Amino acid sequence: MSQVPKATLLASPDDVENQFYEALREADIDKLMAVWADDEEVVCIHPGGPRLVGPAAVRAAFEAVFANGAVHVQPEKVRRVHALSAAMHSVVERVALATSEGARTGWVMATNVYLKTAQGWRMVTHHASPGTAQEPPELVEAPSVLH
């Protein structure tokens, strides 16, 4: 599998996020690790799991996940907060699961944080909540000022 240079793939936080979820669906550890910043303080928290700090810990955890196959996950309802060199995305992840009762869908709330580095945009944090069987509701504050 040929690897495209990181800078051409990761020109925006959305590019990083797209590659991250593609890598999960393809169980491609090299593609997945290419989205992470080269920083010892990157953080990943899998649903209900411990805080993983540093690229080696993140890689080992995803290698263990991929040992069971690809993760059939699709990001939905992305809420974005962007600043000059930082971005935070709140994502509802729809996860397709194969169970003994047949195909099921699970829902996970995740927060992805990105920084613009000398190598382009990179993920510095992925924090996923424990999953639920139903899509979680979204409570949105109504604007207090009428236009």
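Treat the numbers as computed from the prediction; the structure is a model and nothing was measured. (Residues numbered from 1 in each chain as written. Predicted model: local features only at pLDDT ≥ 70, side-chain atom pairs only at ≥ 80, totals over all residues. Heavy atoms only, no water.)

Quick look at the sheet that holds strand β1 (residues 43-45) now. Read from one edge of the open sheet, six strands run β2-β1-β6-β5-β4-β3, paired in mixed fashion. Either end of the sheet is taken by a strand with one partner, and the two such strands are β2 (51-53) and β3 (73-82). Going from strand to strand, the sheet's axes swing by 25° on average, the running direction of each strand aside. When β1 meets strand β6 (residues 120-128), the two strands line up parallel, connected through three bridges. Each bridged residue has a counterpart across the sheet, and for I45 the counterpart in β6 is H127. The strands touched by helix α2 (residues 13-26) are β3, β4 (86-99), β5 (102-117) and β6; relative to β3, the strand with the most contacts, the crossing angle is about 160°. (Pairing = 2+ DSSP bridges. Helix = DSSP H or I, 4+ residues; strand = E, 2+ residues; numbered from the N terminus. Axes fitted to C-alpha atoms, helices over the stretch in contact; angles between N-to-C directions. Contact = heavy atoms within 4.5 Å.)

With 30 residues, the main nonpolar core has F20, L24, L32, W36 and F62 as its most contacted residues. Counting only elements with at least two residues in this core, the list comes to α2, α3 (29-33), α4 (55-66), β4, β5 and β6. Looking at which element gives the most residues to this core, the answer is α2, with five residues. In contact with F62, not counting residues within four places along its chain, are F20, L24, I29, L32, W36, C44 and H46. (Core = buried A, V, L, I, M, F, W, Y, C linked by side-chain atoms within 4.5 Å. Buried < 20%, exposed > 50% of the residue type's maximum accessible area, 1.4 Å probe, protein only.)

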